[in-house]
Amino acid sequence: MASVRNIANHNRTVVCTIHSPSESVFRLFDSLILLALGRQTYFGSVGEAVDYFARPPIGWHMAPGKNPADFVMEASQGLLRWGGTQPHTGPLPALSRTG
């Protein structure tokens, strides 16, 4: 990942998909796009992603010690309960597909 970061530092655009990054790898990215059910759920700074999901009306707060990459993925996919940090069994109503 250091090589990828080096390329980006030289004014190049780098697009990556990464599965389950560690917190240190997650923090190497500048911007983040999260998708769930084919829809964009977040686009913005990596550093602002956790706060985005904590603000109303979502209100999800990351548990102490949790990997922020795991948290934003779970939040994006609707795997947390409204207003909490515990796992949820289904997608958010706003993201679920009908018919």
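This structure is a prediction, so every number in the text was calculated from the model and none was measured. (Residues numbered from 1 in each chain as written. Predicted model: local features only at pLDDT ≥ 70, side-chain atom pairs only at ≥ 80, totals over all residues. Heavy atoms only, no water.)

Here the focus is the overall build of the protein. Of the regular secondary structure elements, the protein holds four helices and two strands. Its helices and strands in sequence order give the protein the pattern α-α-β-β-α-α, from N to C terminus. Among the 99 residues that make up the protein, the fraction classed as buried is 31%. Contacts in the protein between residues at least 24 apart in sequence constitute 31% of all its contacts with a sequence separation of at least 6. A total accessible area of about 6700 Å² is found for the protein, and carbon and sulfur atoms account for 55% of it. (Helix = DSSP H or I, 4+ residues; strand = E, 2+ residues; numbered from the N terminus. Buried < 20%, exposed > 50% of the residue type's maximum accessible area, 1.4 Å probe, protein only. Contact = heavy atoms within 4.5 Å. Areas by Shrake-Rupley, 256 points an atom, 1.4 Å probe, with all protein chains shown as cover.)

Quick look at the pattern of salt bridges now. Counting across every chain of the model gives three salt bridges. As a salt-bridge pair, Glu23 and Arg27 come within 3.7 Å of each other at their nearest N and O atoms. Ionic pairing is found between Lys66 and Glu74, a salt bridge with its closest N-O pair at 3.2 Å. (Salt bridge = Lys/Arg side-chain N within 4 Å of Asp/Glu carboxyl O.)

So, on to helix H3 (residues 46–54). Those residues of H3 not exposed but buried are Val46, Ala49, Val50, Phe53 and Ala54. Down the axis of H3, the smallest arc covering the buried residues is 130 degrees, so these residues share one side. Each element contacted by the buried residues of H3 is listed here: helix H2 (23–26), strand S1 (31–36), strand S2 (39–45) and helix H4 (68–76). If you check the start of H3, you find a side-chain oxygen 3.1 Å away from the backbone N of Gly47, and it comes from Ser45. (Arc of directions from axis to C-beta. Polar contact = N/O pair within 3.5 Å; in protein donor to acceptor, adjacent residues only side chain to side chain.)

Right, let's talk about the layout of surface pockets for a bit. Rolled over the atoms, a probe with the dimensions of a water molecule shows which regions are left empty. Here the largest pocket defines a volume of roughly 840 Å³. Contributing elements (two or more residues each) for the lining of the largest pocket: helix H1 (2–9), S1 and H4. Here the lining of the largest pocket takes five residues from S1, the largest share from any one element. Along the lines of polarity and charge, the residues of the lining of the largest pocket split into 20 nonpolar, five polar and three charged. (1 Å grid on protein atoms, 1.4 Å probe; cavity = no way out; pocket = protein on both sides within 12 Å on 5 of 7 lines; lining within 4 Å. Points joined across faces, edges and corners; volume = space filled by probe spheres on them. Nonpolar A, V, L, I, M, F, W, Y, C, P; charged D, E, K, R; others polar.)

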